Structure formats: structure tokens, C-alpha cells
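Residues per chain, in single letters:
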Amino acid sequence: MPQAEAAILAFAGSSRRGSLNQKLLEVAIGNAIALGAEVSVIDLRDLELPIYDQDLEAEAMPQNVLVFRQILAAHDGFLIASPEYNGSLAPLLKNALDWSSRPTSGIDGIDPYRGKIASIMSASMGPFGGLRSLGHLRGVLSKMGVLVLPEELALPMAHTAFEREKLREESVHRALERQIAQFVGALRLTGDHLCGAGSAVAIS
Ligand SMILES: Cc1cc2nc3c(=O)[nH]c(=O)nc-3n(C[C@H](O)[C@H](O)[C@H](O)COP(=O)(O)O)c2cc1C
């Protein structure tokens with residue numbers, strides 16, 4: 001019987017208009033789809049999550065935390081592009097990770113993350129491409145039980161890196177292709193062993 005394709009959830013740590021990380025994510029998504037992967041995209045801003053506050057959580061868990069946790073649970077791999085803010089994670093991303101790592105209805109907090117695979121990247125207008133944030137993101141995701149693949153991309157001078165939604169430099173283009181091939185390959189290899197293989201969730 002043919003195996004179902006692993007489901008990838010893609011999201012960015014910036015939702016601003018003209019986000020360079022969104023652009024990079026789009027290229028990565030295109031690479032994954034070209035390899036036959038199933039990719040869903042979510043805009044973290046659409047979740048409208050308040051800044052995490054334990055008092056707020058005690059009052060009532062925001063409905064969209066439950067929605068996001070269900071979406072995460074329905075996917076096997078996470079494709080994440082995020083900017084670096086002061087050497088670390090962008091708040092949009094960190095806030096979404098924190099809220100979604102909280103236990104809900106007796107389900108362990110990191111349940112939607114545990115045993116999943118992630119491929120991470122960053123784009124910045126600076127010379128280091130957000131490299132420092134990738135180390136932080138890797139650490140946070142690892143703490144949440146995610147296997148973060150070794151290949152990663154830090155795209156420097158990102159405001160000059162694109163030409164008509166494509167990466168200008170051939171070597172960078174190829175590096176991203178390799179990274180996504182590794183990601184899709186790892187998801188296929190792990191197949192049924194992934195904890196999260198489950199039903200599809202519609203994302204508006
Ligand atoms: C609060 C703040 C802190 C930033 N800190 C860094 C940084 O530490 N390193 C870096 O390379 N760029 C930094 N930047 C620049 C962002 O990487 C740049 O604005 C990038 O384009 C944001 O990603 P986006 O285009 O996807 O929104 C910072 C930007 C902001 C707003």
C-alpha cells in the first residue's frame with residue numbers, strides 16, 4: 001500500500017508586509033512541494049494570541065491556542081523561517097511556541113511537538129543572516145522534543161537576496177534545495193514512526 005506523504009506545517013516568525021522571512025519561507029515551501037511534499041501554511045499573526053501571561057491562562061486558555069495545538073498535532077514536520085531580534089527569537093514566534101506548549105484538556109504541553117522534525121532558517125538585512133537566532137530556536141525546539149535537522153540557512157543581506165521571488169545567488173538556492181531535500185527525506189524515512197501522523201486540519 002502506498003504510504004501517505006508526511007504533512008509539513010510552514011510558518012514564519014514575521015508577518016509584516018514584505019517580510020524577508022516570509023519570502024524565504026515561500027521559496028522553501030516551493031522546494032518541498034516540488035519534491036512531492038504536502039505543505040500547509042499558517043500565518044501566526046492570524047492566531048491573534050495575546051502576550052503569554054500565566055494569569056490569562058488561568059482565567060481561560062485562548063481558543064486559538066487549542067486550534068494551533070490541533071494544527072501542530074496534525075503535522076509531522078515544521079518548516080520555520082524567522083528573523084533574529086537582538087540575537088534571539090522574534091516575539092511573534094516565541095509567543096506562539098510558548099502558548100502552544102501549555103497543557104490542554106489533560107494533554108501534555110509538548111505533545112504536539114514531541115517526536116516531530118523541524119527545518120529552520122532565518123533571513124536578515126545584516127551580515128550574519130540571523131545565525132545567532134537559529135541556535136536559540138534550535139535550543140527551544142529541542143527542549144520541546146523536536147528533532148531539528150543539522151542543515152540550516154542564515155540568509156545575510158536578505159533585502160538584496162531575491163530577484164522576482166527567487167534567490168539571486170545560485171549557491172544559496174542550491175543550499176536551500178539541499179536543506180529541504182534533507183527535510184523531506186528525513187520525514188519519509190521516519191514515516192509511521194512519527195508521533196504526529198494524523199488527520200488533516202483545514203487552515204483558513
Ligand atoms: C527589535 C529588532 C531587533 C533586531 N535585531 C536584529 C539582530 O539581532 N540581528 C539581525 O541580523 N537583525 C536584527 N533585526 C533586523 C531584522 O532581522 C530585519 O528587520 C528583518 O528584515 C526582519 O525580518 P522580516 O523581514 O522577515 O520581517 C532586528 C529588528 C528589530 C525590529
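None of these values were measured; they are calculated from a predicted model. (Residues numbered from 1 in each chain as written. Predicted model: local features only at pLDDT ≥ 70, side-chain atom pairs only at ≥ 80, totals over all residues.)

### Concerning the nonpolar core
Argument step 1. Ranked by internal contacts, the top residues of the largest apolar core, which has 54 residues, are Ile8, Leu24, Ala28 and Leu79.
Argument step 2. Here Leu24 is in contact with Ala81, Met121, Ala123 and Leu155, once residues within four sequence places are set aside. (Core = buried A, V, L, I, M, F, W, Y, C linked by C-beta atoms within 7 Å. Buried ≥ 20, exposed ≤ 12 C-beta atoms within 10 Å, placed from the backbone. Contact = placed C-beta atoms within 7 Å.)

### Let's talk about helix 4 (residues 91-100)
Argument step 1. Among all positions of helix 4, only Leu92, Leu93, Ala96, Leu97, Trp99 and Ser100 are buried. Around the axis of helix 4, the buried residues are gathered within 165 degrees of arc, so they sit on the same side.
Argument step 2. In this fold, the buried residues of helix 4 make contact with helix 3 (63-73), strand 5 (88-89) and helix 5 (131-143). (Helix = DSSP H or I, 4+ residues; strand = E, 2+ residues; numbered from the N terminus. Arc of directions from axis to C-beta.)

### As for the environment of Glu151
Argument step 1. Note that Glu151 resides in the loop between strand 7 (147-148) and strand 8 (153-155).
Argument step 2. The exposure class of Glu151 is partly exposed, given the 17 C-beta atoms found within 10 Å.
Argument step 3. Between the C-alpha atoms of Glu151 and Ile120, which are 31 residues apart in sequence, the distance is 8.1 Å.
Argument step 4. Excluding residues that lie within four positions of it along the chain, Glu151 makes contacts with Arg178, Gln179 and Gln182.

### What to know about the site of the ligand
Argument step 1. In the vicinity of the ligand, 16 residues are found, and the nearest of them are Ser14, Asn21, Pro83, Ser124 and Gly126.
Argument step 2. Secondary-structure elements contributing two or more residues to the shell around the ligand are helix 1 (20-34) and strand 4 (84-85).
Argument step 3. Along the lines of polarity and charge, the residues of the shell around the ligand split into 6 nonpolar, 8 polar and 2 charged. (Near = placed C-beta within 6 Å. Nonpolar A, V, L, I, M, F, W, Y, C, P; charged D, E, K, R; others polar.)

### Digging into the environment of Ala161
Argument step 1. If you trace the backbone, Ala161 turns up in the loop between strand 8 and strand 9 (162-163).
Argument step 2. The spatial distance from the C-alpha of Ala161 to the C-alpha of Ile8 is 25 Å, given a sequence separation of 153 residues.
Argument step 3. If sequence neighbours within four positions are ignored, Ala161 has contacts with Leu155, Leu167, Arg168, Glu169 and Val172.

### Thoughts on the pairing of strand 1 (residues 7-12)
Every other side chain in a regular strand lies on the same face of the sheet, so the side chains alternate between the two faces.
Argument step 1. With respect to burial, strand 1 is a largely interior element, 6 of its 6 residues being buried.
Argument step 2. Side chains Ala7, Leu9 and Phe11 project from strand 1 onto one buried face, and the interleaved Ile8, Ala10 and Ala12 project onto a second face that is buried too.
Argument step 3. Sheet topology note: the strand 1/strand 2 (residues 38-41) ladder contains 4 bridges and is parallel. When the bridges of strand 2 are listed, Ala7 appears paired with Glu38.
Argument step 4. Tracing the backbone out of strand 1, into helix 1 and back to the parallel element strand 2 gives a crossover that is right-handed.
Argument step 5. Pairing geometry for strand 1 and strand 3 (residues 77-81), over 5 bridges, is parallel. The residue of strand 3 that forms the bridge with Phe11 is Ile80. (Pairing = 2+ DSSP bridges. Right-handed = clockwise from strand over helix to strand, strands pointing away.)

### A short note on helix 3
Argument step 1. Within the sequence span of helix 3, burial applies to Val65, Phe68, Arg69, Ile71 and Leu72. Take helix 3 and look down its axis: the buried residues cluster within an arc of 160 degrees, on one side only.

### Examining the environment of Lys116
Argument step 1. By the element assignment, Lys116 lies in the loop between helix 4 and strand 6 (117-123).
Argument step 2. A residue is classified by how many C-beta atoms lie within 10 Å of it, and Lys116, with 26 of them, is buried.
Argument step 3. Sequence separation between Lys116 and Ala73 is 43 residues; the distance between their C-alpha atoms is 9.3 Å.

### Comments concerning the packing of helix 1 against helix 6 (residues 170-190)
Argument step 1. In contact at an axis separation of 9 Å, helix 1 and helix 6 are set at 55 degrees when each is read in the N-to-C sense. Here helix 1 is positioned oblique relative to helix 6, judged by the angle of their axes. Our pair here, helix 1 against helix 6, has a crossing hand that is right-handed. Taking contact as the criterion, the partners of Val27, Ala28, Asn31 and Ala32 in helix 1 are, on helix 6, Leu176, Glu177, Ile180 and Val184.
Argument step 2. When grouped by side-chain class, the residues that make up the contact of helix 1 with helix 6 number 6 nonpolar, 1 polar and 1 charged. (Axes fitted to C-alpha atoms, helices over the stretch in contact; angles between N-to-C directions. Parallel < 35°, antiparallel > 145°, perpendicular 65-115°, else oblique. Left-handed = near helix turned anticlockwise from the far one by under 90°.)

Everything listed here is a matter of geometry and, on its own, says nothing about what the molecule does.
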